[in-house]
Amino acid sequence: MFNIVIADDYDMVSSEAFKIMRSTVARDNPVLGLATGSSPVGLYKKMIADHNSNGTSYKNVVTFNLDEYIGIPRSHEQSYYTFMHENLFDNLDIPEASIHIPHGDAADMEAECGRYEEELKKVTIDLQILGIGTDGHIGFNEPGTPFESETHIMELEEQTRKDNARFFEDDIDEVPTHAITMGLASIMRAAKIIVIATGANKANAVYGMIKGPKSTDCPASILQDHPDVTVILDQEAAARIK
Ligand code: GLP
């Protein structure tokens, strides 16, 4: 079931997401599912500001990230490992041992998928943050991914690599071709989900997620079956559902 919040601008979108995050982090041993990309950065800034000014502690927080590129080391400036440390973890008091990010540079990637899914199954994610790709992907679950998928390796769509080329000096050839991602079934086990989407280029994907047929053509449409999803949009991303 979708609770839809339409805010005026990105800062208000981030504030709405932060309100939900703050109440989750206030619990005893919260487990967060985290995303990369531009969409959650405003939320992460608010978490850092709150930690700095109000002393909100992340000592008891455990995190699981959705996905990671395959074929670049963790030390690469565009790895999701680096992204998460720069944009969030390095600025909080979260213990490194509580941070889980799939390894995209494991010698045996199939084994890494199994290992990550096993770790995920030991917990329940209290709050999962999601962005959405312009093709309706969540995590890196591209169109066609089975709804019952668990952590797996995904070949990235050309559109996704084009969208992400901005992080690789606009050179699509530098964008990895594959990623490891939590599957759609892994994501659906979260108790609560927030989807953040802003900008006109997300309007079609947002429509497909909320109003479109439930189909693997739009992976995010699986969320129609989840009991607790808050979708936080700006006016542009909400254009087709209003
Ligand atoms: C990326 C990530 C997703 C993210 C999406 C949207 O490829 N793998 O987790 O939600 O695409 O990214 P952005 O928020 O930058 O638009």
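As shown above, the structure is provided for reference.
Residues numbered from 1 in each chain as written. Predicted model: local features only at pLDDT ≥ 70, side-chain atom pairs only at ≥ 80, totals over all residues. Heavy atoms only, no water.

The next thing to look at is the pattern of salt bridges. Scanning all chains against the criterion turns up ten salt bridges. Across the pair Asp-11 and Lys-46 runs a salt bridge whose closest N-O atoms are separated by 2.9 Å. Residue Asp-11 is located in helix α1 (residues 10-25), and its partner Lys-46 is located in helix α2 (residues 41-54); the two are separated by 35 residues in the primary sequence. In this structure, Glu-16 and Lys-19 form a salt bridge, with 3.2 Å as the shortest nitrogen-oxygen distance. Note that Glu-16 and Lys-19 are positioned in helix α1 at a spacing of three residues, about one turn of the helix. (Salt bridge = Lys/Arg side-chain N within 4 Å of Asp/Glu carboxyl O. Helix = DSSP H or I, 4+ residues; strand = E, 2+ residues; numbered from the N terminus.)

A few words on the layout of surface pockets. Empty space among the atoms becomes apparent when a probe as large as a water molecule is rolled across them. Each pocket or cavity is described by its volume, and for the largest pocket that value is around 500 Å³. In this structure, the largest pocket is lined by 29 residues; those nearest its centre are Thr-36, Gly-37, Ser-38, Asn-164 and Lys-202. Those elements that place two or more of their residues in the lining of the largest pocket are β4 (67-69), α3 (80-87) and α5 (158-164). Examining the composition of the lining of the largest pocket, we find that three residues originate from one element, α5, more than from any other. Partitioned by chemical class, the residues of the lining of the largest pocket number eleven nonpolar, 14 polar and four charged. (1 Å grid on protein atoms, 1.4 Å probe; cavity = no way out; pocket = protein on both sides within 12 Å on 5 of 7 lines; lining within 4 Å. Points joined across faces, edges and corners; volume = space filled by probe spheres on them. Nonpolar A, V, L, I, M, F, W, Y, C, P; charged D, E, K, R; others polar.)

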